[in-house]
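Working through the structure, step by step
This is what each chain is made of:
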Amino acid sequence: MTSSSSPTREPATSHRTAEVDLRLAGDGSLVRLIAPRVVVAGYTGRDRSAVERHIEELAAIGVPPPDSVPSFYQLPTELLTTAASIRVAGIDTSGEVEPVLVRAQGRYYLGVGSDHTDRAVETRSIAEAKRACPKPLGAKVVALGPDPAAWEWDRIAVRSEVDGRHYQDGALASIRRPEDLLERLRRAVGDIDGDFVLYCGTVPLRDGTFVVGSRWTVSLTLPDGVALTHTYLSSTDGAERAVQEGRPMRTGGDYLAALADDREIYVDGERVSDVAGHPAFAPIARTVAELFDLAAAPDSGMTHRDAETGRPANVAFGVPRSSQDLRARRAAHETWAHHTRGWVGRSPDHVAAFLAAFAAHPGSFGTEPHAFGDNVVRYHRRVLEENLYVSYAIIPPQVSRATTAHEWEGEFVQAGVVEERAEGIVIRGAQMLATGAAVADELFVSCIKPLTPEDRDFAVAFAVPVATPGLKLYCRRPYATAASSAFDYPLSSRYDETDALVVFDDVLVPWERVFVDRDVAALRRMFYETGAHVLGNWQAQIRFVVKLRFIAGLARKIAAVNGVDRIPGVQEKLGELASIASLVESAVDAAEFRAAPDEAGMWRPDARSVYGAMGLQAELYPRVLAILRELAGGGVLQLPSSVLDLRSARTRSDIDRYIQSPGVPAEERIKLFKLAWDVVGSEFGGRHLQYEMFYAGAPFVAKGHAFRNYGYDALVADVDAFLATYDAQQPTTIGGGEA
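In this report, we go over the structure that sits alongside the text. (Residues numbered from 1 in each chain as written. Predicted model: local features only at pLDDT ≥ 70, side-chain atom pairs only at ≥ 80, totals over all residues. Heavy atoms only, no water.)

1. Here we look at helix α19 (residues 683-694)
Residues spaced three or four apart along an α-helix face the same direction, because each turn holds 3.6 residues. Under the 1.5 Å per step criterion, the end-to-end length of α19 is 17 Å for 12 residues, consistent within 8% with the ideal 16 Å. Of the surrounding secondary structure, the elements contacted by the buried residues of α19 are α11 (492-495), α13 (532-561), α15 (607-632) and α18 (666-680). (Helix = DSSP H or I, 4+ residues; strand = E, 2+ residues; numbered from the N terminus. Expected span 1.5 Å × (residues − 1). Contact = heavy atoms within 4.5 Å.)

2. Quick word on unusual backbone geometry
The step from V69 to P70 runs through a cis peptide bond, and the omega angle for that step is -5°. Position of P70 among the secondary structure elements: in the loop between α1 (48-60) and β4 (71-75). For the bond running from M432 to L433, omega is 0°, close enough to zero to count as cis. Inspection of the secondary structure puts L433 in the loop between β24 (424-431) and β25 (442-445). Unlike most non-glycine residues, D268 shows phi in positive territory, near 55°. Along the chain, D268 turns up in the loop between β18 (264-267) and β19 (270-271). Residue classification places D268 among the exposed residues on the basis of a relative accessible area of 74%. Non-glycine residue R341 carries a positive phi angle of around 55°. Examined against the element boundaries, R341 turns out to sit in the loop between α8 (323-340) and α9 (349-360). Given the relative accessible area of 40%, R341 is considered partly exposed. (Buried < 20%, exposed > 50% of the residue type's maximum accessible area, 1.4 Å probe, protein only.)

3. Overview of the pairing of strand β3 (residues 37-42)
Across the six residues of β3, six count as buried, placing the element largely inside the fold. Pairing of β3 with strand β15 (residues 196-199) involves four bridges; the strand directions are parallel. Following the sheet pairing, R37 is matched in β15 by F196. Relative to β4, β3 is paired through five bridges, and the arrangement is antiparallel. Note on β4: the bridge partner recorded for V40 is Y73. (Pairing = 2+ DSSP bridges.)

4. Side note on the sheet that holds strand β2 (residues 30-34)
One open sheet holds the eight strands; their spatial order is β2-β1-β12-β9-β8-β15-β3-β4, and the pairing between them is mixed. With partners counted over all chains shown, the strands left at the sheet margins are β2 and β4, one partner each. On average, adjacent strands in this sheet sit at an angle of 30° to one another, irrespective of strand direction. In terms of strand pairing, strand β1 (residues 19-24) meets β2 through five bridges, oriented antiparallel. Its bridge partner lying in β2, D21 is registered against R32. (Axes fitted to C-alpha atoms, helices over the stretch in contact; angles between N-to-C directions.)

5. So, α13
The terminal C-alpha atoms of α13, which comprises 30 residues, lie 44 Å apart, in line with the 44 Å expected from a rise of 1.5 Å per residue. With 23 of 30 residues buried, α13 is to be regarded as a mostly interior element. Positive backbone phi, approximately 70°, marks G563, located one or two places after α13.

6. Concerning the side chain of D349
Inspection of the secondary structure puts D349 in helix α9. One buried charged residue, D349, remains without a salt bridge, the closest side chain of opposite sign being R329 at 7.7 Å. A polar side-chain atom of D349 sits 2.4 Å from a polar atom in the side chain of S347. For D349, the residues in contact, after removing those within four places along its chain, are A316, F317, H333, W336 and Q539. (Lys, Arg positive; Asp, Glu negative; His and termini not counted. Salt bridge = Lys/Arg side-chain N within 4 Å of Asp/Glu carboxyl O. Polar contact = N/O pair within 3.5 Å; in protein donor to acceptor, adjacent residues only side chain to side chain.)

7. Quick look at the pattern of salt bridges
Following the criterion strictly, the structure yields 50 salt bridges and no others. The salt bridge partner of D154 is R177, with a shortest N-O separation of 3.6 Å. Note that D154 is positioned in the loop between β12 (140-143) and β13 (157-162) and R177 in the loop between β14 (165-171) and α4 (178-189), a separation of 23 residues in sequence. By relative accessible area, which is 31% here, D154 ends up partly exposed.

8. Structural notes on the side chain of S609
Examined against the element boundaries, S609 turns out to sit in helix α15. Given a relative accessible area of 11%, S609 falls into the buried group. At a separation of 2.6 Å, a polar atom in the side chain of S609 contacts the side chain of D606. Every residue in contact with S609, bar those within four places of it in the chain, is listed here: A587, A590, A591 and R594.

9. Let's talk about the nonpolar core
By size, the foremost hydrophobic cluster in this structure holds 153 residues, and its most contacted members are F281, F358, L443, F444 and F504. When residues in this core are grouped by element, the largest group, 15 residues, is from α13. In contact with F281, other than residues within four places in its own chain, are I265, V267, V272, V275, A438, V439, C475 and T498. (Core = buried A, V, L, I, M, F, W, Y, C linked by side-chain atoms within 4.5 Å.)

10. A short note on the packing of α8 against α9
The geometry of α8 relative to α9 is characterised by a closest axis approach of 11 Å and an angle of 155° between their N-to-C directions. Looking at the two axes, α8 sits roughly antiparallel to α9. Side by side, α8 and α9 meet where R329, H333 and W336 of the first sit next to D349, A352, A353 and A356 of the second. Partitioning the contact of α8 with α9 into residue classes produces four nonpolar, one polar and two charged. (Parallel < 35°, antiparallel > 145°, perpendicular 65-115°, else oblique. Nonpolar A, V, L, I, M, F, W, Y, C, P; charged D, E, K, R; others polar.)

11. Considerations on the packing of aromatic side chains
Scanning the entire structure with this criterion turns up 22 aromatic pairs. Ring geometry for F354 against Y392: centres 5.5 Å apart, planes inclined by 75°, an arrangement best described as edge-to-face. Remark: Y392 occurs in strand β22 (residues 390-393) and F354 occurs in helix α9; sequence separation between them is 38 residues. In this structure, F354 and Y392 share a single accessibility class: buried. Geometrically, the ring pair formed by F462 and F504 is edge-to-face, given 5.8 Å between the ring centres and 80° between the ring planes. Placement of F462 in strand β26 (residues 460-465) and of F504 in strand β28 (residues 500-510) is noted, with a sequence separation of 42 residues between them. A relative accessible area of 2% places F504 in the buried class. Site record: aromatic cluster; members linked through ring pairs are F354, F358, F365, Y379, Y392, F444, F515 and F527. A cation over an aromatic ring shows up here: R119 above the ring of F210, its NZ or CZ 3.8 Å from the ring centre. We note R250 situated over the ring of F292; from NZ or CZ to the ring centre the distance is 5.2 Å. (Phe/Tyr/Trp six-rings, centres within 6.5 Å; stacked < 30°, edge-to-face > 60°. Lys NZ or Arg CZ within 6 Å of the ring centre and 35° of its normal.)

Here's what the structure looks like:
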């Protein structure tokens, strides 16, 4: 067994190949560690007598004394984590706040971390106890100067909490200074080349007793007031299994069963009695059920133990608290998008992204006279725990695009508060465009269109079940019912989400479901200050990439079937298509790479990258369809009326002879071009063109987001700085002479 305190050599199994991304507090600059060495220092107190008393106290409970003071424990790199949750094997583990010295690319930084340790294993070996648990590290750091002796170490305050209880506080004046620790580390283990992370020790516990808990918050406060804080959840493998066995993830069957309620949906003048069985909605309901089954599958990677609830939850529904969380979130979005090939624009993970951002920023919501921030947090928790499909209606009816609701004829055309009661607010009016609401569990209602102070009654945000009495959905023409077969309309027959006008006939919304109540400024804060708009639209761009790649593959296959894929002009078109898809995919990559935590600890995708792609979407998607149309040509029109022509003995022989390509039989060619027609020519395809052009608002709205988030101030300042380098009075050389 390894000695309890002697420096341990890193095991061959550690494979120090990991990259760890941190962000500089303030400007969010990337600090990347390449395969960092991880070292935990112990017994680092300056008061030697106090350290000796602590060693004696630990010995009394079975912890062996160290061989040297201070002690250094080298750990596998993979134990280092910035995630918002960790999994531990034992049930007797606890954390401690520690200042963390980080060296990356030769520069020093300071962060906050926790030396989470297995206290049961510690009675046998301190080194093994430290190896038994991940080592949490906050994602934000501050830069330090090159001379450790000049760092204002002693004036830095530290604090920790466990499950909301005060656990530690003190100052780094009680811990050895960094130059002392670095020199002792060098003497103990030799020079460390490259990047490293050093946990520098901790301050005493308030009551001197280790506490086992699940939610830990550690923080450092610098002399200039900058605070570094990290919160994480710890859970045991056994608890994870117990929770999963006692409360499994929702399945597709659970979802379909939940649709059998009293929701009020109208199609062709008739009320729909069974939404899951109605031909207009059954196909998309089955598709959504498949998504829930996919998320619940053990090997999908879409389920984790959520840090906010402590229960299994969909990764795509939670709050991203680290770069790893954001990466896992993207993978979850991609998993669902790949299943639908990007043709379900409002899958359950879209509105869930908005709700996650809302819940991460409860302070952006009002507290008087009702705790709306608490409402948001509780509602998001429910969505996580029950794995709900929430749709939204956040645009007023298109009565007038030149004015807002208070100027319209007739009272409460747009959904607004017509009455306030002790138990909640009463909503009257309409809202659009509730995509997927007919098959959703709940509906989030608000107004993203800018309102004026006179529109106060319409400045609301709330969530209600779709089956709420008085809530009615008037759906547009369904495309699934017109699809003669899956062979003829492979997309229309599966992915028609249906859009709906929502009418509120004096619907009572309980206070606990209200997030914003007649507050115009709060609406803007809700969508933009919380990061909800950028997080939700990052999901939309991830889906859009999957869709573009699918269309690109379709175009490439059509060119090959037509035998024109070697023609330079055709390759030019395919190259343009590849360029468009690559541009959007690169923007999604950049949004993840440039992501940074905000003041609430939520990792936001880079707004400039997200909005840059969105700003061009209304031009890019029509161009993509135009290229596909050009490559398909008349092939999408030279098709039999339906699959029945392939089944009929009277017509099959002619179909086989005249609608085929070299090496491609008629049925295969027809199948391919029917798919292309559903993309470019069917009602479903036409609706998707309109959707991709306008789902984020009119093109000028999307480009407005790009304009505001690009950072023009810095660019103009750069131009001004250059202009300042010369003036009209400077000597000018003309024709070889000076003028």
